[in-house]
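What the coordinates show
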Amino acid sequence: MSFRKSIMTANVIIFSSIAIILASVHAEFAYPILTYLKFDFAEIPVMIVLMIFGAIPALITETIHWLALTVTHGDWLGPLMKFLAVAPMIIGFWAGSKIYTKLSVKKGGKPNFITILAFGIVLGIILRVIVCTLTNIVVLSFVAPYYLDFAKGLLNAAGISATSTFDVMLWVLFFTGIFNTIHVPFSTLLAAIVVKGAIVRIPSIAEKSWLPSVCQAKTKRTY
């Protein structure tokens, strides 16, 4: 195993452990109205791995996080739904960053950290919202339809009149979409602050890291 792969493996273990610890201590806060949705700080270590090492290590980190949650929580549905939210965000952010970088380099420009973040966040939002909408339809329609009764109570408590099952489903999908739209920049920007801070203190991190190195792309470089 090469030195870089050893470092990457060690960091995947470290950051997946941090994610598990943050989930265990409930480092989160509730989303208004649908309070079972939580803004989860455990996503931040996964996004840090993405920015430093790339998509595959980040997906591995999130997979470890998912499996640990499944074992420790004694529930498979919640951890799976979390995984199906975070994985599309990782893929979307990675794809958005790649697309922007290719376009920028092709036009003779030089990618910058902020614009790469913006493109990554936008595609991360799109992919996460689409996947979560589809998974919520399946879960609420077939796997756990009783959640609709719970959601109906939360909606009514918030002053939203939802009488039919169809109305409840639409409101749930709407508010869940807003939640996921907010959660992507929440997780990504906090991770970016940590990464940028680490680069300032340890400049050598930028030399072999995925996202910082993308920002140093030359006009003739391809990806």
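In this text the structure is predicted, and so the values were computed from the model without any measurement.

**Regarding the environment of Met 8**
- Positionally, Met 8 belongs in helix α1 (residues 3-24).
- The class for Met 8 is partly exposed, based on a relative accessible area of 23%.
- The spatial distance from the C-alpha of Met 8 to the C-alpha of Ile 52 is 9.1 Å, given a sequence separation of 44 residues.
- Sequence-distant contacts of Met 8, that is, excluding residues within four places in its chain, are made with Phe 53 and Pro 57.

**Some remarks on the nonpolar core**
- Counting residues in hydrophobic clusters, the biggest one holds 30 residues, and the most contacted among them are Leu 50, Met 51, Ile 90, Phe 93 and Leu 211.
- When contributions to this core are tallied by element, the ones reaching two or more residues are α1, α2 (43-53), α3 (55-73), α4 (77-106), α5 (113-143), α7 (165-201) and α9 (210-214).
- In terms of residues, this core owes the most to one element, α2, which gives nine residues.
- Not counting chain neighbours up to four residues away, the residues in contact with Leu 50 comprise Ala 55, Ala 58, Ile 90, Phe 93, Trp 94 and Trp 210.
- Of all hydrophobic cores here, the second largest spans 18 residues; its members include Leu 154, Leu 155, Met 169 and Phe 186.

**So, the environment of Glu 43**
- Checked against the element boundaries, Glu 43 lands in helix α2.
- Between the C-alpha atom of Glu 43 and that of Tyr 100, which follows or precedes it by 57 residues, the distance is 23 Å.
- Every residue in contact with Glu 43, bar those within four places of it in the chain, is listed here: Lys 82, Val 86, Met 89, Arg 128, His 183 and Ser 187.
- A distance of 3.4 Å separates a polar atom in the side chain of Glu 43 from a polar atom in the side chain of His 183.

The rules behind each value
In every chain, residue numbers begin from 1 and rise along the written sequence. For a predicted model such as this one, the threshold for reporting local features is a pLDDT of at least 70, and the threshold for listing and counting side-chain atom pairs is 80 or more; totals across whole chains, interfaces and linings nevertheless cover every residue. Water and hydrogen atoms play no part in the side-chain values, which are based on all heavy atoms of the structure. Numbering goes from the N terminus for both helices and strands, where a helix is a DSSP run of H or I of at least four residues and a strand is a run of E of at least two. We call a residue buried when its accessible area falls under 20% of the maximum for its residue type, exposed when it is over 50%, and partly exposed in between, using a 1.4 Å probe and counting protein chains only. Contacts are residue-level and defined by heavy atoms, with any inter-residue pair within 4.5 Å sufficient. Side-chain atoms within 4.5 Å link the members of a nonpolar core, which is a set of buried Ala, Val, Leu, Ile, Met, Phe, Trp, Tyr and Cys residues. Distance and chemistry together define a polar contact, namely a pair of N or O atoms within 3.5 Å, with one atom able to donate a hydrogen and the other to accept it when in protein, and with adjacent residues in sequence counting only for side-chain atoms on both sides.

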